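Here is what each chain is made of, one letter per residue.
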Amino acid sequence: MRFCYNRNVPRDWDAYYSDPTNIKSNPHPLLVQVAELLPPGCALDLACGAGRNALYLASLEWRVTAVDASAVALARLSGVETHRADLEKHEFAIEPAAYDLICDFHYLQRDLFPAIREGVRPGGVFTGAIHLASPGHSEAYSLQPGELRQEFAGWKISYYSESPEPQSTRVSARIIARRA
Ligand SMILES: C[S@@+](CC[C@H](N)C(=O)[O-])C[C@H]1O[C@@H](n2cnc3c(N)ncnc32)[C@H](O)[C@@H]1O
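What counts, and at which threshold
Residues numbered from 1 in each chain as written. Predicted model: local features only at pLDDT ≥ 70, side-chain atom pairs only at ≥ 80, totals over all residues. Helix = DSSP H or I, 4+ residues; strand = E, 2+ residues; numbered from the N terminus. Buried ≥ 20, exposed ≤ 12 C-beta atoms within 10 Å, placed from the backbone. Near = placed C-beta within 6 Å. Nonpolar A, V, L, I, M, F, W, Y, C, P; charged D, E, K, R; others polar. Pairing = 2+ DSSP bridges. Axes fitted to C-alpha atoms, helices over the stretch in contact; angles between N-to-C directions. Contact = placed C-beta atoms within 7 Å. Arc of directions from axis to C-beta. pLDDT = per-residue confidence, 0-100. Core = buried A, V, L, I, M, F, W, Y, C linked by C-beta atoms within 7 Å. Right-handed = clockwise from strand over helix to strand, strands pointing away.

> How do you make sense of the overall build of the protein when you look at a structure like this?
Helix and strand content of the protein: 6 helices and 7 strands. Each helix and strand of the protein, ordered N terminal to C terminal, gives the series α-α-β-α-β-α-β-β-α-β-α-β-β. Projected onto its principal axes, the C-alpha coordinates of the protein cover approximately 40 × 35 × 30 Å. Counting only residues that meet the buried cut, the protein has 39% of its 180 residues in that class.

> Help me out: how do you make sense of the site of the ligand in this one?
Residues in contact with the ligand amount to 18 residues; listed here are only the nearest, W13, A47, G49, A69 and F105. Its residues assigned to classes, the shell around the ligand comprises 9 nonpolar, 3 polar and 6 charged.

> When you look at the sheet that holds strand β7 (residues 171-178) in this model, what are you seeing that I'm missing?
Hydrogen bonds between backbone groups are what pair the strands of a sheet, and the pairing can be parallel or antiparallel. The mixed open sheet is built from 7 strands, whose spatial order is β3-β2-β1-β4-β5-β7-β6. Of all strands in the sheet, those bounded by a partner on one side alone are β3 (81-84) and β6 (156-164). If you compare each strand with its neighbour and ignore which way they point, the axes differ by 10° on average. Lying on the sheet, helix α2 (residues 29-37) is in contact with β4 (99-105), β5 (120-131) and β7; it crosses β5 at an angle near 160°. Here helix α3 (residues 52-59) sits on the sheet and contacts β1 (42-46), β2 (63-68) and β4; the angle it forms with β2, its principal contact strand, is near 170°.

> In this structure, what is going on with α2? I would like to understand it.
One full turn of an α-helix is made of 3.6 residues, so residues set three or four places apart face in the same direction. Buried residues of α2: L30, L31, V34 and A35, and no others. Relative to the axis of α2, the buried residues are bounded by an arc of 135° and lie together on one face. For α2, exposure combined with an orientation more than 90 degrees from the buried face picks out P29 and E36. At its buried positions, α2 is contacted by α3, β4, β5 and β7.

> Is there a simple way to explain the environment of A129 in this structure?
Looking at where A129 falls in the secondary structure, it is placed in strand β5. For the pair A129 and G79, spaced 50 residues apart in sequence, the C-alpha separation works out to 24 Å. For A129, the contacting residues outside a window of four places in its chain are H28, L30, F105, H106, E165, S172 and R174.

> What is the right way to read the confidence of the model for the protein from this model?
Atomic detail in the predicted coordinates should be set aside for any region of low pLDDT. In this model, the protein carries a mean pLDDT of 93, and residues with pLDDT of at least 70 account for 94%. Counting interchain partners and residues more than four positions distant, the pLDDT-below-50 stretch residues 3-8 has 13 contacts.

> It is not clear to me how the nonpolar core should be interpreted in this structure. Could you clarify?
A general feature of soluble globular proteins is that nonpolar side chains tend to end up buried together. Residues A43, L46, A54, L57 and I102 are the most contacted members of the largest nonpolar core, which totals 49 residues. Setting aside anything within four residues of it in sequence, one finds A43 in contact with L57, W62, V64, Y99, D100, L101 and C103.

> Looking at this structure, how should I read the pairing of β1?
A regular strand places its side chains so that they alternate between the two faces of the sheet. With 4 of its 5 residues buried, β1 lies for the most part within the structure. As judged from the 5 bridges shared by β1 and β2, these two strands associate in the parallel manner. Directly across from D45, in β2, lies its bridge partner A66. One crossover worth recording links β1 to the parallel β2 by way of α3, and it is right-handed. For β1 and β4, the ladder comprises 4 bridges, and the chain directions are parallel. Within β4, the position partnered with A43 by the bridge is L101.

Below you can see the structure in the form of structure tokens.
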């Protein structure tokens, strides 16, 4: 499991999610926007954390698979298929063309993008918001400007922005991209 998330300091995610003040329950606004556009289908939420996005989709009748390395986080999810897996060790294989929607919020692992692109069914959607590099934060886990858009070159990008996250000083790249 990756402990280093940002600011180049270790983070023990199980300890993080053991503190109730760290549990977010509101889905990301971009996901809400996406869910308004799509009929329910099969979704994959990568690095789902305590499940704010996965649970939201499940409440809208999506069949959701949610993956995270933290058992403490996953224990909070019900009504969703969960997998405890270290994505960096590729312990979860994204099935090709299996998902109508793949979500990735606030988790950057560059070598996952090829599998993410393969995992979205033709006509399906990838959405996510991932932090951009900023002083004091690890570049390994932060995007460069334009990088996320470039990952989905050739897809239909219906939304892209680089703007501050709600209640945060950090800027994220946000995307809604549809596979041709
Ligand atoms: C900033 S949180 C984002 C959680 C969720 N996507 C959200 O938006 O609320 C990052 C998540 O990545 C997970 N994570 C970190 N390294 C991981 C790895 N190697 N494999 C799987 N999950 C990992 C952490 O457990 C944590 O839940």
